[in-house]
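# Structure assessment
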Amino acid sequence: MKVGFIGLGIMGRPMAKNLLKAGYELNICDVNEEAVKEVEAAGGAPYKTPKEVAEKSEIILTMLPNSPHVRTVMKGKDGVLEGIKPGTIVVDMSSIDPTVSIELEKAVSEAGGEMIDAPVSGGEPKAIDGTLSFMCGSKEEVFDQVKPILEKMGASVVHTGEIGSGNMTKLANQMIVAVNIAAMSEALVLAAKSGVNPERVYQAIRGGLAGSTVMDAKAPMMLDRNFKPGFRIELHIKDLNNAKHASEAVDMDLPMTKQVLEMMNKLQEQGLGAYDHSAVLWYYEEKENVEVKR
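Let us look at the structure shown here.

What counts and how
Residues numbered from 1 in each chain as written. Predicted model: local features only at pLDDT ≥ 70, side-chain atom pairs only at ≥ 80, totals over all residues. Heavy atoms only, no water. Helix = DSSP H or I, 4+ residues; strand = E, 2+ residues; numbered from the N terminus. Buried < 20%, exposed > 50% of the residue type's maximum accessible area, 1.4 Å probe, protein only. Axes fitted to C-alpha atoms, helices over the stretch in contact; angles between N-to-C directions. Parallel < 35°, antiparallel > 145°, perpendicular 65-115°, else oblique. Left-handed = near helix turned anticlockwise from the far one by under 90°. Contact = heavy atoms within 4.5 Å. 1 Å grid on protein atoms, 1.4 Å probe; cavity = no way out; pocket = protein on both sides within 12 Å on 5 of 7 lines; lining within 4 Å. Points joined across faces, edges and corners; volume = space filled by probe spheres on them. Nonpolar A, V, L, I, M, F, W, Y, C, P; charged D, E, K, R; others polar. Expected span 1.5 Å × (residues − 1). Arc of directions from axis to C-beta. Polar contact = N/O pair within 3.5 Å; in protein donor to acceptor, adjacent residues only side chain to side chain. Core = buried A, V, L, I, M, F, W, Y, C linked by side-chain atoms within 4.5 Å.

### With respect to the side chain of asparagine 27
Within the element layout of this structure, asparagine 27 appears in strand 2 (residues 25–29). Residue classification places asparagine 27 among the buried residues on the basis of a relative accessible area of 6%.

Pasting the structure below:
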């Protein structure tokens, strides 16, 4: 089976490599030539445009930053829709506005294809080791066709409902992650400012009710002062803005999400948007003039 893979960024690159390791023939495309060369060296076949990838592939995977990028790749000049064949399945693994997923699915359907919105959670480390979580919105029979491919990149592949439900699930995920990181940052800064060793606080509570995957992934980074991006602040801002838009559509307020979004926006205004989202810690440290470390 020939699979197209468009979008070889921080996440897409290792995901594509895992498919190649699993034995899939991969047609690849990205605006970053260095990324293309890296995946080509692992066995990918490079193409210049999404249209060419679509012409050569039975299933097309996209992994892009946000809604406008997915729209351009799908509907723009030399885009996927110009090369798609009847029966082709498009799997958009990007985290975008659910309404855009619904819009694009209609366009793919009119061209004779099927579409799944299948955003992922787990960041770069889980993209590398192939243990991402996929949240998939589509017809169930279409999901069943692509599930084996997604399982080569993820440890959890769940069908969440119709098109758009995958990205709505991802927004819920991103809200929970953001609020967890902010609460953990606040607690560790309180401990440090009170003269209690923050590492011992982490070790003491991680096995109890407060323990979480978020805590075990991000607390060690905070304590090591390691804010190399596994998931950038600027991308989390994008997700929380999408959550805010989704909430406005159903007339709901998101007070905690909005507060964390405000913190992240302030960090981005300081030129820190490219750092890992665990750097929300800096917001509290600057405010309280204290540093969390081992």
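Further notes follow.
### Focus on the packing of helix 10 (residues 198–205) against helix 11 (residues 213–224)
The interhelical angle for the contact between helix 10 and helix 11, taken along N-to-C directions, is 165°, at an axis separation of 10 Å. With respect to helix 11, the element helix 10 is oriented roughly antiparallel. The interaxial crossing formed by helix 10 with helix 11 has left-handed handedness. The segment helix 10 lies against helix 11, with Pro198, Glu199, Tyr202 and Ile205 engaging Met215, Asp216, Ala219, Pro220 and Leu223.

### Some thoughts on the layout of surface pockets
There is about 190 Å³ of room inside the second largest pocket. Lining the second largest pocket we find 15 residues, and of these Met168, Ala243, Ala246, Ser247 and Val250 sit closest to its centre. Contributing elements (two or more residues each) for the lining of the second largest pocket: helix 6 (98–110), helix 9 (165–193) and helix 12 (233–249). The residue makeup of the lining of the second largest pocket, split by class, is twelve nonpolar, two polar and one charged.

### Observations regarding helix 13 (residues 255–269)
The first and last C-alpha atoms of helix 13 sit 21 Å apart over 15 residues, in line with the 21 Å expected at 1.5 Å per residue. Turning to helix 13, its buried residues are Thr257, Val260, Leu261, Met263, Met264 and Leu267. The buried side chains of helix 13 occupy one side of the element, clustering within an arc of 160° when seen end-on. Opposite the buried face of helix 13, by more than 90 degrees, sit the exposed residues Pro255 and Glu269. If you follow the buried residues of helix 13, they end up packed against helix 9, helix 12 and helix 14 (281–288).

### Details of the environment of asparagine 27
Considered as a pair, asparagine 27 and tryptophan 282 are 255 residues apart in the sequence and their alpha carbons are 41 Å apart. Non-local contacts of asparagine 27, meaning those with residues more than four positions away in its chain, are made with Lys2, Val3, Gly4, Phe5, Ala45, Tyr47, Val53, Lys56 and Ser57. A polar contact of 3.0 Å, which involves the side chain of asparagine 27, links it to the side chain of serine 57.

### Some details on the nonpolar core
Ranked by internal contacts, the top residues of the largest apolar core, which has 34 residues, are Phe5, Met15, Leu61, Val91, Met93, Phe134 and Leu150. Every element with two or more residues in this core is listed here: strand 1 (2–6), helix 1 (12–21), strand 2, helix 2 (33–41), strand 4 (59–62), strand 5 (89–92), strand 8 (132–137) and helix 8 (140–150). Per-element accounting of this core gives the leading share, five residues, to helix 8. Setting aside residues up to four positions removed in sequence, phenylalanine 134 forms contacts with Met15, Met93, Ala118, Pro119, Val120, Leu150, Met153, Gly154, Ser156, Val157 and Val158. Core analysis: the second largest hydrophobic core is formed by 32 residues, Ala182, Leu188, Met222 and Ile233 among them.

Function cannot be read off these values alone, since they describe shape.
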